[in-house]
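Here is how the chains run, residue by residue.
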Amino acid sequence: MSGPRCPQCAQPWVSPRLLPCLHSLCEPCLRRLGPPEGPPGGQECHMLYCPTLEKMHLPKENGEVKLLLCLSAPPGPFTVCMCKGTISQSERRRQKKTASHAVTELENTKDCSQARKPLLCPSHPTEELRLFCEQCDQPVCRDCVLGRHRQHPCDFTGNVIHRHGDALRELLKSSQQHMDTLEDVLSQVDEMGSAVRSRAEAVATEICQFARGYVKAIEEHRDRLLKQLEDLKVQKENLLHLQKAQLQQLLLDVKTGVEFTEHLLMSGSDVEILVTKGVVSSRLTKLNSVAYSTHPSVDDRIQFSPHERAGQCCGYEVFGAILNKVVDPAKCTLHGEDLHSARQNQLSGFTLLCKDTMGERMGRGGEAVRVTITHKDKRDCALKPTVCDNGDGTYYISYSPEEPGLYAVCVCVKGQHVQGSPFTLMVKHKFREHQGVFHCCTFCSSGGQKAARCACGGTMPGGYQGCGHGHKGHPGCHHWSCCGQVKESSECLCGPPSDTSQRSLLRTVAL
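Residue numbering note: each chain is counted from 1, following its sequence as written. pLDDT decides what is reported in this predicted model: residues at 70 or higher carry local features, side-chain atom pairs at 80 or more are listed and counted, and totals for whole chains, interfaces and linings draw on all residues regardless. The basis for every side-chain value is the complete set of non-hydrogen atoms in the structure, without hydrogens or water.

Colleague: Can you tell me about the nonpolar core, naming the residues and giving the values?
Modeller: Core analysis: the largest hydrophobic core is formed by 25 residues, its most contacted members being F350, L352 and V411. Ranked by residue count, the leading element in this core is strand β21 (residues 405-413), at four residues. The contact rule is simple, with two residues in contact once any of their heavy atoms fall within 4.5 Å. Excluding anything up to four places from it in sequence, F350 contacts L334, H335, D338, L339, Y395, Y396, I397, Y399, V409, V411 and F423. By nonpolar core we mean a set of buried residues, namely Ala, Val, Leu, Ile, Met, Phe, Trp, Tyr and Cys, connected to one another through side-chain atoms within 4.5 Å. For the exposure calls, accessible area comes from a 1.4 Å probe over protein chains only, and a residue counts as buried if that area is under 20% of its type's maximum, exposed if over 50%, partly exposed in between. Strands here are runs of E lasting at least two residues and helices are runs of H or I lasting at least four, both read from the DSSP assignment and numbered beginning at the N terminus.

Right, dumping it as structure tokens:
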């Protein structure tokens, strides 16, 4: 028998049923799928798996699973997909579930389909479904209208098919638009997949090219470091050979002089000794005065620093440098105006200059510098200095003391005190601003006021209590009226002025 068959049993349709996934099975096969599962939440429906492995919920009505009329077969082996107008050939081939399906036109199945036969009511098998219940949204028979659907609005199927068909056609049109959109999106996804693969291949090529260049740069930097190391070794050996030759020559000369002198003193006559005394003494004195180092001219301090920046090599930044200079804490020095004195709540600092064993500047940073600043009278009062590595062998240590007094400062490099550490730091009170005026004399600054006074102590005849040019007590230069300081950018030496002096001073300042 030809025509559509059930995809599950491969037999002609027997009471085909349409599943919520729009796949179809005959009723016997559907009932053999297994015991239904209850859905989450206790909803009144059953759950089962379609042969396409899609989970679905089937609603229950009057305790029985509600099955709908099936007009198409589900995908799968021996499947006849009657989905013309809802899925394109290209889309069918692209989807895994329908790629192997055999497709036939719906018109070719009309002769063997039950769609053209009268449909009988499942509740009243002798009655044909000719009416449609609007409230329940399902076809019903005449007996159903007189029974369960008595109070429901019902009409003949021929009268409502146009309205429901139009709604279904609108929904189909919307679905077709979604299908077109999905096809476009799938096409874009495929294109993006190709673009991603192409881009990944291009980036992989860049990575390989970068790695080859980087390896080449590292190898070249390695050869350069080895050559630098060889040159440094040869340089040190040459200096040692030169020192050795000089010391051997000096030793030979001294030995010759000593042997000659010993032989002269042991074997020579008195006259011979006296005759040659001058030459021998001059020779020995000259040999004894020759300066030479009691230590080797070079040391074996050759180090490799893998984290040291070594600049560019073949366009790549490389690391690793040979260090033939080693910092000597005992040769490091401290510099700065604020080394031993500072002001309360004022940012101050000093500089640490690192040097090697030969007393030469290191010229690079990276040393372990530790600085502690502790109040001598208040042990719980300690400053938190900031150490800034300048990268050239110098380090700037800054701090801001909150309490005045004496502080003990310790500066260590590699755990050892540097030259001059520890030392004492004096923190003075806040800078006192001048309360007076910086003037040449009181007479000029006050406009001739007799009561105006000056802290320099000068006076003028005629009852003038302040100083004047050329008179007694005048310092002979510009000075501050509040404390007598002759330096304009200085701290006021006096405390808060008294009321009387303040009034006289204010008059001076105002004028």
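So that's the structure; there's more coming.
Colleague: Would you mind going over the pairing of strand β19 (residues 386-389) in detail, with residue names and values included?
Modeller: Two strands pair under a simple rule: DSSP has to find at least two bridges between them. Of the pairings in the sheet, the one linking β19 to strand β20 (residues 394-399) comprises four bridges and is antiparallel in character. The residue bridging T386 from the neighbouring strand is S398, located in β20. The loop that links β19 with its antiparallel partner β20 comprises four residues; one of these, G391, has a positive phi angle of about 80 degrees.

Colleague: Report on the sheet that holds strand β10 (residues 138-140), specifying residues and quantitative values.
Modeller: Read from one edge of the open sheet, three strands run β10-β9-β11, paired in antiparallel fashion. Two strands close off the open sheet at either side, each with one partner strand: β10 and β11 (154-156). Going from strand to strand, the sheet's axes swing by 35 degrees on average, the running direction of each strand aside. The pairing of strand β9 (residues 131-133) with β11 spans three bridges and is antiparallel. When the sheet's bridge partners are listed, L131 is paired in β11 with F156. A fitted line through C-alpha atoms serves as each axis, taken over the contacting stretch for helices, and the angle formed by two N-to-C directions is quoted from 0 to 180°.

Colleague: Can you tell me about the environment of L229, naming the residues and giving the values?
Modeller: Mapped onto the secondary structure, L229 falls in helix α4 (residues 157-267). A relative accessible area of 34% places L229 in the partly exposed class. Those residues within four positions of L229 in sequence are excluded, and the remaining contacts are I302 and I322.

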